[in-house]
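A structural walkthrough
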Amino acid sequence: FEYYKLADQNNDNNSYCNLAECYGLGKGTSINFDEAIKWYEKCINNGTPIGKRKSQVRIGYILSFEKNEMDRGMQYLKSAGEDGSAAAYYYLGEIYNHGIGKIPVDYKSALSYFKQSINTDDVLPFVVTLIGDFYYEGKGTIQDKKKAKEMYQAAAKRGDKEALKKLKELTF
């Protein structure tokens, strides 16, 4: 943590991002979301497209899930999603799936964001399984066990153990 603070004096973008992580996760210091956001903003303004996207996701997560500032948080997440972040779309889906903050539960919107998440370059296998759950249970869509099985098979091919378990246990 102290090393990163010193490196900041050299305008090192990697140090900005590392400081943001330290403050956001409490590594070497106390958790301080406002400080984390400040350093993530520096990453966005001075970094690579990948660093920008990751920082947008982290700010969006902090604002939405930790500070209950849904409007600002969702703007960051949507921007990161448009830049190709699977995690951003996953978090947006979770906001609607669980009704976080002032956002009501909306399974159709949740499913839509989860589907957008798997249409990126960095597919999260557990999200493919989650989409399978939505089809299996008919959440946000018409129940479609065939489609659920296809999703579980796709997730299992990507190494998701939960998908393998569901393929063995569920009736299709």
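Residues numbered from 1 in each chain as written. Predicted model: local features only at pLDDT ≥ 70, side-chain atom pairs only at ≥ 80, totals over all residues. Heavy atoms only, no water.

Looking at the packing of helix α5 (residues 70-82) against helix α6 (residues 86-98)
Where we set the bar: Inter-axis angles, ranging from 0 to 180 degrees, are taken between N-to-C directions of lines fitted to C-alpha atoms, where helices are fitted over the stretch in contact. The helix and strand labels rest on DSSP assignments: H or I over at least four residues marks a helix, E over at least two residues marks a strand, and numbering proceeds from the N terminus. If an angle is under 35 degrees, it is roughly parallel; if it is over 145, roughly antiparallel; if it lies from 65 to 115, roughly perpendicular; otherwise it is oblique. What makes a crossing left-handed is the near helix being turned counterclockwise from the far one by less than a right angle; a clockwise turn instead makes it right-handed. When checking whether two residues touch, look at their non-hydrogen atoms; a contact exists if any pair is within 4.5 Å. Polarity classes work like this: nonpolar for Ala, Val, Leu, Ile, Met, Phe, Trp, Tyr, Cys and Pro, charged for Asp, Glu, Lys and Arg, and polar for all others, with Gly in that last group.
Packing of α5 against α6 brings their axes to within 8 Å, and their N-to-C directions diverge by 140°. Between α5 and α6, the angle falls in the class oblique. When the axes of α5 and α6 are compared, the crossing they make is left-handed. The residues of α6 that touch α5, namely those facing Met70, Met74, Leu77, Lys78, Ala80, Gly81 and Glu82, are Ala88, Tyr89, Tyr91, Leu92, Ile95 and Tyr96. Per-class residue counts for the contact of α5 with α6 are ten nonpolar, one polar and two charged.

Notes on the packing of aromatic side chains
Note the threshold: Any Phe, Tyr or Trp ring, taking Trp's six-membered ring, that has another such ring centre within 6.5 Å forms a pair; planes under 30 degrees apart are called stacked, those over 60 apart edge-to-face, and the others tilted. Note on exposure labels: buried denotes an accessible area under 20% of the residue type's maximum, exposed denotes more than 50%, and partly exposed covers the range between, all computed with a 1.4 Å probe on protein chains only. Two limits define a charge over a ring: the Lys NZ or Arg CZ must be within 6 Å of the ring centre, and within 35 degrees of the ring normal.
Counted by the stated rule, this structure contains 13 aromatic pairs. Between tyrosine 89 and tyrosine 113, the ring centres sit 6.2 Å apart and the planes meet at 25°, which makes this aromatic pair stacked. With a gap of 24 residues between them, tyrosine 89 in helix α6 and tyrosine 113 in helix α7 (residues 107-117) connect regions that are remote in the sequence. Assessed through its relative accessible area of 10%, tyrosine 89 is described here as buried. Using a relative accessible area of 14% as the deciding quantity, one classes tyrosine 113 as buried. Between tyrosine 152 and phenylalanine 172 the ring centres are 6.1 Å apart and the planes differ by 65°, which places this aromatic pair in the edge-to-face class. One end of the pair, tyrosine 152, is in helix α9 (residues 145-157); the other, phenylalanine 172, is in the segment after α10 (161-169), with 20 residues separating them in the sequence. The class of phenylalanine 172 is partly exposed, set by a relative accessible area of 35%. Three or more aromatic residues joined by ring pairs form one cluster here, namely Tyr61, Phe65, Tyr90, Tyr91, Tyr107, Phe114, Phe126 and Phe134. Lying over the aromatic face of phenylalanine 134, lysine 139 brings its terminal NZ or CZ to 4.7 Å of the ring centre.

Digging into the state of the cysteines
Under the convention used in this document: Counting rule for disulfides: a pair of cysteine sulfur atoms within 2.5 Å.
Taken as a whole and assessed by the stated rule, the structure comprises one disulfide. A disulfide bridge connects cysteine 17 with cysteine 43, and the sulfur atoms are separated by 2.3 Å. On the criterion of sequence distance, the pair formed by cysteine 17 in helix α2 (residues 13-25) and cysteine 43 in helix α3 (residues 33-46) is long-range, its members being 26 residues apart. In this structure, cysteine 17 and cysteine 43 share a single accessibility class: buried. With no disulfide of its own, cysteine 22 lies closest to cysteine 43 among cysteine sulfurs, the gap being 11 Å. For cysteine 22, a relative accessible area of 6% translates into the label buried.

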